[in-house]
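# Architecture and fold: a report
Here is how the chains run, residue by residue.
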Amino acid sequence: MSGLFIVGGGAIGFSLAAHLNASGKLAEVLRIHTSAEGVTQKITVKSSDGCVLEQSIISKPLSSMRSIKGLLLITAKANANEYLADVLSKNASAIDIVLMQNGIGIERPFLNKGFRSVSRCVVYITAEKIQEGTYTARIVKPSPIGLLEGIDEKTTNIADAINTKALRFYNASDIQYQVWKKGIINAVFNSICPLLDTDNGIFDRDEAIMALAENVVKECIPVANQAGIEINQEEIIEGIHAISKISTGQLISTLQDIKAHRETEMNYFNMEICRLAEELKMKTDLSLTRVLGVLTIKKAASAINDLSVEK
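Residues numbered from 1 in each chain as written. Predicted model: local features only at pLDDT ≥ 70, side-chain atom pairs only at ≥ 80, totals over all residues. Heavy atoms only, no water.

## Re unusual backbone geometry
Test applied: A run of H or I in DSSP becomes a helix once it reaches four residues, and a run of E becomes a strand once it reaches two; helices and strands are each numbered from the N terminus. Burial status follows relative accessibility: with a 1.4 Å probe on protein chains alone, a residue under 20% of its type maximum counts as buried, one over 50% as exposed, and anything between as partly exposed.
A positive phi angle, close to 55°, is found at D197, a residue other than glycine. Locating D197 in the fold gives a position in the loop between α5 (175-196) and α6 (202-205). For D197, a relative accessible area of 45% corresponds to the partly exposed category. The backbone phi angle of H261 is positive, close to 60°, even though this residue is not glycine. Tracing the backbone through its elements, the reader meets H261 in the loop between α9 (253-259) and α10 (270-279).

## Points about the environment of M100
Defined as follows: Whether two residues touch is decided by their heavy atoms; if any such pair falls within 4.5 Å, the residues are in contact.
With respect to the helices and strands, M100 occurs in the loop between β6 (95-99) and α3 (108-111). Judged by its relative accessible area of 6%, M100 falls in the buried class. Along the backbone, M100 and K181 are 81 residues apart, and their C-alpha atoms lie at a distance of 15 Å. Setting aside anything within four residues of it in sequence, one finds M100 in contact with L16, L73, I74, T75, C121, V123, I162 and F169.

## Notes on the pairing of strand β10 (residues 143-147)
Along any regular strand the residues' side chains alternate between the sheet's two faces. As a reminder, the rule being used: Any two strands between which DSSP finds at least two bridges are classified as paired.
With 4 of 5 residues buried, β10 lies mostly within the body of the structure. Of the pairings in the sheet, the one linking strand β7 (residues 117-121) to β10 comprises 3 bridges and is antiparallel in character. By the bridge assignment, C121 is partnered in β10 with I145. Of the pairings in the sheet, the one linking β10 to strand β11 (residues 169-171) comprises 3 bridges and is parallel in character. Each residue of the ladder has a partner; that of P144, found in β11, is Y170.

## Topic: the confidence of the model for the protein
As a reminder, the rule being used: Values of pLDDT, the confidence the predictor places in each residue, fall between 0 and 100.
Averaged over the protein, the pLDDT score is 91; the fraction of residues at 70 or greater is 95%. Here helix α11 (residues 287-310) is the element of the protein with the lowest mean pLDDT, 88, and helix α7 (residues 207-226) is the one with the highest, 98.

## Some thoughts on the sheet that holds strand β2 (residues 27-31)
Put simply, the test is: Geometry is summarised by axes, namely lines fitted to C-alpha atoms with helices restricted to the contacting stretch, and by angles between N-to-C directions that run from 0 to 180 degrees.
Taken together, the 11 strands give an open sheet; going across it, the order is β8-β9-β3-β4-β2-β1-β5-β6-β7-β10-β11, and neighbouring strands pair in mixed fashion. Both outer strands of the open sheet, β8 (125-131) and β11, are each paired with one neighbouring strand and no more. With direction set aside, neighbouring strand axes in the sheet form an average angle of 30°. When β2 meets strand β4 (residues 52-61), the two strands line up parallel, connected through 3 bridges. Residue pairing in the sheet places R31 in a bridge with P61 of β4. In the packing of helix α1 (residues 11-22) onto the sheet, the strands contacted are β1 (2-7), β2, β3 (39-47), β4, β5 (69-74), β8, β9 (134-139) and β11, and the crossing angle to β4 comes to about 115°. Sitting on the sheet, helix α2 (residues 81-88) touches β1, β5 and β6, and the angle it makes with β5 is about 175°.

## Looking at the packing of aromatic side chains
We count it as follows: Working definition: a ring pair exists when centres of Phe, Tyr or Trp rings (six-membered ring for Trp) sit within 6.5 Å. Plane angles under 30 degrees give stacked, over 60 give edge-to-face, the rest tilted.
Applying the stated criterion to the full structure yields 3 aromatic pairs. With a centroid separation of 5.9 Å and an interplanar angle of 25°, the aromatic rings of F14 and Y135 are classed as stacked. Within this pair, whereas F14 is found in helix α1, its partner Y135 is found in strand β9, the two being separated by 121 residues in sequence. Each member of the pair F14 and Y135 is classed as buried.

## Observations regarding empty space enclosed by the protein
The following threshold applies: Throughout, the protein atoms alone are placed on a 1 Å grid, and a set of points is a cavity if a 1.4 Å probe fits but cannot get out or a pocket if it is open with protein on both sides within 12 Å along at least five of seven lines; lining residues have an atom within 4 Å of a point. Grid points are joined across faces, edges and corners, and a volume is the space filled by probe spheres set on the points. Charged residues are taken to be Asp, Glu, Lys and Arg, nonpolar residues to be Ala, Val, Leu, Ile, Met, Phe, Trp, Tyr, Cys and Pro, and polar residues to be all remaining types, Gly included.
What the rule picks out here adds up to 1 cavity of 30 Å³ or more. Its volume calculated, the largest cavity comes out at about 40 Å³. Taken together, Q101, N102, G103, R120, V122, V179, K182, G183 and N186 make up the lining of the largest cavity. In terms of residues, the lining of the largest cavity owes the most to one element, α5, which gives 4 residues. Partitioning the lining of the largest cavity into residue classes produces 2 nonpolar, 5 polar and 2 charged.

Here it is in structure tokens:
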């Protein structure tokens, strides 16, 4: 079977599938943690400009796909990457992987499995589930896609293959720079917003909170530099302002996970930056970044425990 697939049926996955289908680029959603049969779901996506898109999306369990060929966009949480790399590796020579996930180092499981190509996409789309089958999706700016170092280029222009009028993508030769830039931004939004239980707009509204964000950025940049990535501090701060302004009222993915009693991806944000600093034997001060990450993980664990007690 050759085609276009989206692995992960969350807010980003279904929103992207709806826009792709509307543009004639038919995509199927492959769900991970389900044994249910394939279904056609009516998906509604509301854009920031007030437009409402309705599409019928084919949704199947990943376990039902014995043979897969084509382009796979992985939007599932990065916590599933070890499992996904193992399950999909049987079709490694026929699959082009695009990781549309947040975090630093999330590609490692796939790079060890010999896939035909592995790319990363730094997604500048904020999406949120409103109710079953209904989502909001707002583009902050076009999202870069780039092949990772050491992977043979055996695919066509991926950006063109998934570009739509509403959700735009472009090819980037500096994808690791883009990954680190977004990774540090994630370390800010995905810790501070959940701990304050507030929306993404807080940095645009509150100077004191923005000052806290700037301190996280200052701590993280030396780690990026030591890893060989030259990061512009002002560009990251401008990015925080831009995302905050355009997504006021939107909840960051980690806060959505906490409210839904789900596991978060914090190990790929604050904690991965701290882990890498230790691996590089750096003595830089990451105390704020670490504390914010640990507190967010504890808050998420508490939410999951509360759900267990309720049951």
